[in-house]
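Spelled out from the first residue to the last, the chains are:
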Amino acid sequence: MKLSTAVALRISNILRERNMSQYRLEKNIAMPHNTMKSLMGERNNSVNLKTVMQIVKGLDMTVAEFFNDPIFENPDLEIY
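Residues numbered from 1 in each chain as written. Predicted model: local features only at pLDDT ≥ 70, side-chain atom pairs only at ≥ 80, totals over all residues. Heavy atoms only, no water.

**Focus on the pattern of salt bridges**
So, step 1. Using the criterion set out here, one finds one salt bridge in the structure.
So, step 2. Aspartate 69 is the salt-bridge partner of arginine 10, the closest N and O atoms lying 3.3 Å from each other. Of the two residues, arginine 10 sits in helix α1 (residues 3-17) while aspartate 69 sits in the segment after α5 (63-67), which places them 59 residues apart along the sequence. Aspartate 69 shares its class with arginine 10; the two are buried. (Salt bridge = Lys/Arg side-chain N within 4 Å of Asp/Glu carboxyl O. Helix = DSSP H or I, 4+ residues; strand = E, 2+ residues; numbered from the N terminus. Buried < 20%, exposed > 50% of the residue type's maximum accessible area, 1.4 Å probe, protein only.)

Right under this line is the structure:
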């Protein structure tokens, strides 16, 4: 699994847990829909740390909380 896919899955899981829409997150962090759509889509091949930090802040989490998930412990996680 690619890192970008893992990040998108983590965001989706958090949104579902909080009963929060992607649209609401976009509005909370003033992120253009196309940017979020690109991040959450399968065509995304990379993830930008600045974008992740913006999302983490919008979710009112710490970076440690965001990455504290088994999905990021996968030894086969592709980071390239």
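**Some remarks on helix α4 (residues 49-58)**
So, step 1. Among the residues of α4, Thr51, Val52, Ile55 and Val56 are the ones counted as buried. For α4, the angular spread of buried residues about the axis comes to 135°, placing them on one side. For α4, the exposed residues set more than 90 degrees away from the buried face come down to Leu49, Lys50 and Lys57.
So, step 2. Check the buried side of α4 and you find it contacts α1, α2 (22-29), α3 (33-40) and α5. (Arc of directions from axis to C-beta. Contact = heavy atoms within 4.5 Å.)

**Considerations on the packing of α2 against α3**
So, step 1. Relative orientation of the contacting elements α2 and α3 amounts to 125°, with a least axis distance of 10 Å. Relative to α3, the element α2 lies oblique. By crossing handedness, the relation of α2 to α3 is classed as right-handed. Where α2 abuts α3, its residues Gln22, Leu25, Glu26 and Ile29 lie against His33, Met36, Lys37 and Met40.
So, step 2. A breakdown of the residues in the contact of α2 with α3 according to their chemical character gives four nonpolar, two polar and two charged. (Axes fitted to C-alpha atoms, helices over the stretch in contact; angles between N-to-C directions. Parallel < 35°, antiparallel > 145°, perpendicular 65-115°, else oblique. Left-handed = near helix turned anticlockwise from the far one by under 90°. Nonpolar A, V, L, I, M, F, W, Y, C, P; charged D, E, K, R; others polar.)

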